[in-house]
Amino acid sequence: MVAEITGTALAAIGAGVAIGFAGLGSGLGQGMAAAGSVGAVAEDNDMFARGIIFSALPETQAIYGFLIAILLLVFSGLLAGDLTKLDINVGIVAIGVGAAIGFAGLGSGMGQGMAAASSVGAVVEDNDMFARGIIFSALPETQAIYGFLIAILLMVFSGMLAG
C-alpha cells in the first residue's frame, strides 16, 4: 500500500512547499512594506492609501504558491481521494514544482517588500516618486513569475496536467 501512494504523498509535500515558502516570502515582504507604511502614515495621514498599495504588492507571491498548490492537489488525485493516481517519478517532480515556486516566491516576496518599504519612504519625501516607486517595487516580481512558469512547465511535461 505504501508504494502505491508514495507519488501522491510526494505531491502533497510539493503542495506544502509551494504555499509554505511562497507564503513566507509574501508575509515577510508585506510586513516590511507595512512597517514602512505605518511610519509614513504617522508623518503624513495622506499616505494611507499609497501605503496600502505598497503593502499589498508582495501578496502576489502567496497567490502564485497557492495556485500551484491547488493544481498539485487536483492533478495528483488528492482532492478526489484517489491516492494511487501518481507514479513515484511524477511525485518527485511534484516536489520540484513546489520548490520552483516556493523558493522563487520566498526571495521575490522579501525583495519586493524591501523595495516597497523604501519606496514608501521616498514618496513621503517627494510625492512624484510614487510611480517610480511602484516600478521599483514591481521589479522583484519577475523572479516569482519565473518560478511560476517553471512549475507549470514541470507539471505539463511530467504528464501531471494530463489529468
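Right above here is the structure, for reference.
First, a word on scope: everything that follows refers to the structure included in this document.

Calculation notes
Residues numbered from 1 in each chain as written. Predicted model: local features only at pLDDT ≥ 70, side-chain atom pairs only at ≥ 80, totals over all residues. Heavy atoms only, no water. Helix = DSSP H or I, 4+ residues; strand = E, 2+ residues; numbered from the N terminus. Buried < 20%, exposed > 50% of the residue type's maximum accessible area, 1.4 Å probe, protein only. Contact = heavy atoms within 4.5 Å. Areas by Shrake-Rupley, 256 points an atom, 1.4 Å probe, with all protein chains shown as cover. Axes fitted to C-alpha atoms, helices over the stretch in contact; angles between N-to-C directions. Parallel < 35°, antiparallel > 145°, perpendicular 65-115°, else oblique. Nonpolar A, V, L, I, M, F, W, Y, C, P; charged D, E, K, R; others polar. Expected span 1.5 Å × (residues − 1). Polar contact = N/O pair within 3.5 Å; in protein donor to acceptor, adjacent residues only side chain to side chain. Core = buried A, V, L, I, M, F, W, Y, C linked by side-chain atoms within 4.5 Å.

Looking only at helices and strands, one finds six helices and zero strands in the protein chain. Reading the helices (α) and strands (β) of the protein chain from amino to carboxyl end gives α-α-α-α-α-α. When the backbone C-alpha atoms are referred to their principal axes, the protein chain occupies close to 60 × 25 × 20 Å. Split into buried and exposed, the 163 residues of the protein chain put 37% on the buried side. Excluding contacts between residues fewer than 6 apart, the proportion of contacts in the protein chain whose partners are at least 24 apart in sequence is 87%. Put simply, the protein chain shows about 7800 Å² of open surface, and 73% of that area lies on carbon and sulfur atoms.

Below, the discussion takes up the environment of Ser 37. Topologically, Ser 37 is positioned in helix α1 (residues 2-43). It is 7.6 Å that separates the C-alpha atoms of Ser 37 and Met 47, two residues lying ten residues apart in sequence. Each residue touching Ser 37, except ones within four places of it in the same chain, is listed here: Gly 51, Ser 55 and Val 120.

Time to look at the side chain of Ser 119. In this fold, Ser 119 is placed in helix α4 (residues 88-125). Excluding residues within four positions of it along the chain, Ser 119 makes contact with Phe 54, Gly 133 and Ser 137.

At a minimum axis distance of 7 Å, the contact between α4 and helix α6 (residues 141-157) shows a crossing angle of 170°. As the angle between them shows, α4 and α6 are arranged roughly antiparallel. When α4 is examined against α6, the residues Val 93, Gly 96, Val 97, Ala 100, Ile 101, Ala 104, Ser 108 and Gln 112 are found in contact with a partner set consisting of Glu 141, Gln 143, Ala 144, Gly 147, Phe 148, Ile 150, Ala 151, Leu 154 and Met 155. In the contact of α4 with α6, the residues fall into eleven nonpolar, five polar and one charged.

What follows covers α4. The end-to-end C-alpha separation of α4 is 56 Å, in line with the 56 Å expected for 38 residues at 1.5 Å each. The opening residue of α4 is Asp 87, an N-cap whose side-chain oxygen sits 2.8 Å from the backbone nitrogen of Asn 89.

Attention now moves to the nonpolar core. If you look at the biggest cluster of nonpolar residues, it comprises 18 residues, and the most contacted ones within it are Ile 68, Leu 72, Val 97, Ile 101, Ala 151, Met 155 and Met 160. Elements with a minimum of two residues in this core: α1, α3 (59-75), α4 and α6. The element that contributes the greatest number of residues to this core is α4, accounting for five residues. Ignoring any residue separated from it by four or fewer positions in sequence, one finds Met 160 in contact with Leu 72, Phe 75, Val 90, Ala 94 and Met 155. Ala 33, Ala 40, Val 120 and Val 123 belong to the second largest nonpolar core, which has seven residues in total.

By themselves, these are just geometric observations and shouldn't be taken as functional.
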